[in-house]
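Below are the chains, spelled out letter by letter.
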Amino acid sequence: MDVLRVAQLSDTHFLEPGGDPEGGHGYDTSAAFDAVLDDLVGQALDMIVVTGDIADHGAPGEYEVALAAFSRLACPVFLCPGNHDFDRPFRSSFTAPGIHTARQTNHGSWSFVYADSSSGNMAIDDSGRLRDPLGGERLHSNGSLGPSETDWLRAATVGHDADHVFVWVHHPPATDLAITRDAVYTSEWHTLIADRPKIRGFGGGHTHVPSTYAFAGRPVFVAPSLKNNFDLEAGTWLPPGYRTYEFGSDGQLSSQLHLIDDERWPRRPLGRAIRSLFAGELSHSELAEIIARRSS
Ligand SMILES: [Fe+2]
């Protein structure tokens with residue numbers, strides 16, 4: 001195998017039938033998934049990675065929808081969790097063959113690591129196990145590795161069995177988008193990768209603003225969401241989409257963004273409320289209140 005071909009979906013935000021999107025606005029994510037699936041037909045792929053926010057509210061029924069959707073994909077699927085994925089249903093729902101929540105996989109000269117970038121936001125219960133914080137606190141949290149995930153990643157990214165390591169993670173490190181950037185989280189990754197030269201790059205999601213940028217000399221590829229995407233420079237919405245990657249056995253990697261332009265998802269101008277959210281002038285809950293008022 002000279003080149004490993006991977007497609008990345010992110011932020012699928014599946015809803016139960018008839019469910020309302022968290023935050024009050026979003027595409028029909030099942031229709032967006034169908035469109036992505038159609039676009040993937042005929043592409044030579046070795047595997048698909050989904051980098052979190054698989055469910056919209058972290059509800060068990062949403063994982064049933066996700067499981068049915070991922071079961072339609074024609075190659076093995078690997079998942080890591082996002083801040084919308086509550087730990088217990090995420091860990092227990094993907095029981096079908098070909099759909100994996102493995103933490104690390106090896107592919108020739110490459111090792112893929114699937115990070116849990118919400119681990120540091122979890123609490124420790126009486127039995128010493130990590131559990132999600134109470135209420136909906138997890139839904140709008142930025143990344144935090146915390147001690148146990150950091151220790152695990154330090155071991156996993158050495159690359160004993162591989163020449164090259166690639167990290168799949170919901171929250172991109174040092175995101176180029178101010179409202180999703182977190183100084184402590186950035187510093188956790190800086191410390192971790194300082195003596196991990198085999199890490200060649202990152203594939204993430206979370207921002208719903210697809211982009212590519214550099215972090216500590218490594219490329220960070222941010223995938224689009226199926227729920228809603230934004231082009232902040234053009235000031236427009238973007239259609240749903242995905243990324244493809246080619247990983248060469250010599251350590252070369254490249255990624256391409258695919259957006260599915262369709263009349264269902266016009267690139268209409270961003271409204272003032274969403275611009276205010278990205279500018280840090282509105283919180284997610286204030287935006288949801290505005291949207292609820294408008295639709296009532
Ligand atoms: Fe998301």
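Residues numbered from 1 in each chain as written. Predicted model: local features only at pLDDT ≥ 70, side-chain atom pairs only at ≥ 80, totals over all residues. Heavy atoms only, no water.

What follows is about the overall build of the protein chain. For the protein chain, the count of helices and strands is 7 helices and 16 strands. Taking 19 Å as the expected radius of gyration for a compact globule of 296 residues, we find that the protein chain reaches 18 Å, a close match to that expectation. A total of 296 residues make up the protein chain; the buried ones form 56% of that total. Taking all contacts inside the protein chain whose residues are at least 6 apart in sequence as the whole, residues at least 24 apart take part in 71%. In the structure as shown, the protein chain presents an accessible area of about 12800 Å², 50% of it carried by carbon and sulfur atoms. (Helix = DSSP H or I, 4+ residues; strand = E, 2+ residues; numbered from the N terminus. Rg over C-alpha atoms; globule rule 2.2 N^0.38 Å. Buried < 20%, exposed > 50% of the residue type's maximum accessible area, 1.4 Å probe, protein only. Contact = heavy atoms within 4.5 Å. Areas by Shrake-Rupley, 256 points an atom, 1.4 Å probe, with all protein chains shown as cover.)

Spatial ordering of the open sheet is given by E4-E3-E2-E1-E15-E16, a layout of 6 strands whose pairing is mixed. The strands lining the two open edges of the sheet, one partner per strand, are strand E4 (99–100) and strand E16 (253–259). Relative to E4, strand E3 (residues 77–80) runs parallel, the two being bridged by 2 bridges. Looking at the pairing, Phe78 lines up with His100 of E4. (Pairing = 2+ DSSP bridges.)

What follows concerns the packing of helix H4 (residues 146–156) against helix H5 (residues 183–193). For the pair H4 and H5, interaxial distance at closest approach is 10 Å and the crossing angle is 30°. When the axes of H4 and H5 are compared, the pair comes out roughly parallel. For the crossing formed where H4 meets H5, the hand is right-handed. Along its contact with H4, which presents Gly146, Thr150, Leu153 and Arg154, the element H5 presents Glu188, Trp189, Thr191 and Leu192. Split by residue class, the contact of H4 with H5 holds 3 nonpolar, 3 polar and 2 charged. (Axes fitted to C-alpha atoms, helices over the stretch in contact; angles between N-to-C directions. Parallel < 35°, antiparallel > 145°, perpendicular 65-115°, else oblique. Left-handed = near helix turned anticlockwise from the far one by under 90°. Nonpolar A, V, L, I, M, F, W, Y, C, P; charged D, E, K, R; others polar.)

So, about the sheet that holds strand E5 (residues 104–107). Pairing is mixed in the open sheet, where 6 strands are placed in the order E5-E6-E9-E10-E12-E11. In the strand order of this sheet, the two ends are held by E5 and strand E11 (211–215), each with one partner. Averaged over all neighbouring strand pairs, the angle between strand axes comes to 20°, with direction disregarded. When strand E10 (residues 199–204) meets strand E12 (residues 218–222), the two strands line up parallel, connected through 3 bridges. Among the inter-strand pairings, Phe202 is bridged to a residue of E12, identified as Val220.

Let's shift gears to the coordination of the iron ion. The protein atoms that coordinate the iron ion are Asp11 (OD), His13 (NE2), Asp53 (OD) and His208 (NE2), at distances of 2.1 to 2.3 Å. Given 4 donor atoms and angles of 91 to 172° at the metal, the environment of the iron ion is assigned as irregular. For the iron ion, the single-chain donor residues occur in sequence as D-x1-H-x39-D-x154-H. Residue Asp11 is located in the loop between strand E1 (3–9) and helix H1 (29–40), and its partner Asp53 is located in the loop between strand E2 (47–51) and helix H2 (60–70); the two are separated by 42 residues in the primary sequence. Grouping residues by exposure puts Asp11 and Asp53 together as buried. (Donors = N, O, S within 2.8 Å, 3.2 Å for Na, K, Ca; no water. Tetrahedral: all angles 85-135°; square planar, octahedral: opposite > 155°, others 65-115°.)

A few words on the pattern of salt bridges. Per the counting criterion, the structure on display carries 11 salt bridges. A salt bridge links Arg154 to Asp195; the nearest nitrogen and oxygen atoms lie 3.3 Å apart. Of this pair, Arg154 sits in helix H4 while Asp195 is found in the loop between H5 and E10, placing the two residues 41 residues apart along the sequence. A salt bridge links Arg196 to Asp195; the nearest nitrogen and oxygen atoms lie 3.3 Å apart. We classify Asp195 as partly exposed; its relative accessible area is 42%. Linked by salt bridges that have partners in common, Asp87, Arg91 and Asp116 make up one network. (Salt bridge = Lys/Arg side-chain N within 4 Å of Asp/Glu carboxyl O.)

The subject of this paragraph is the nonpolar core. Ranked by size, the top nonpolar core spans 46 residues in total, and within it Phe33, Leu40, Ile48, Ile54, Phe70, Leu79 and Phe94 carry the most contacts. Sorting the residues of this core by element identifies E1, H1, E2, H2, E3, helix H6 (272–278) and helix H7 (284–295) as the ones contributing at least two each. Not counting residues within four places of it along the chain, the set of residues in contact with Leu40 comprises Ala7, Leu9, Leu45, Ile48, Leu73 and Tyr242. Counting 18 residues, the second-largest nonpolar core is a separate cluster that includes Val113, Ala156, Val167 and Phe215. (Core = buried A, V, L, I, M, F, W, Y, C linked by side-chain atoms within 4.5 Å.)

A few words on the packing of aromatic side chains. Working definition: an aromatic ring pair is given by the centre-to-centre distance plus the angle between the planes. Under the criterion given, the structure shown has 25 aromatic pairs. An angle of 50° between the planes, with centres 6.0 Å apart, marks the rings of Tyr27 and Trp237 as tilted. One end of the pair, Tyr27, is in the loop between E1 and H1; the other, Trp237, is in strand E14 (residues 236–238), with 210 residues separating them in the sequence. Residue Tyr27 is classed as buried on the basis of its relative accessible area, which comes to 11%. Centroid distance Phe202 to Phe215: 6.1 Å. Interplanar angle 65°. Geometry classified as edge-to-face. One end of the pair, Phe202, is in strand E10; the other, Phe215, is in strand E11, and 13 residues separate them in sequence. Each member of the pair Phe202 and Phe215 is classed as buried. Put simply, the rings of Trp110, Phe112, Phe166, Trp168, Phe221, Tyr245 and Phe247 touch in pairs and so form one group of aromatic residues. In this arrangement the basic side chain of Arg103 is found over the ring face of Trp152, its NZ or CZ atom lying 4.0 Å from the centre. (Phe/Tyr/Trp six-rings, centres within 6.5 Å; stacked < 30°, edge-to-face > 60°. Lys NZ or Arg CZ within 6 Å of the ring centre and 35° of its normal.)

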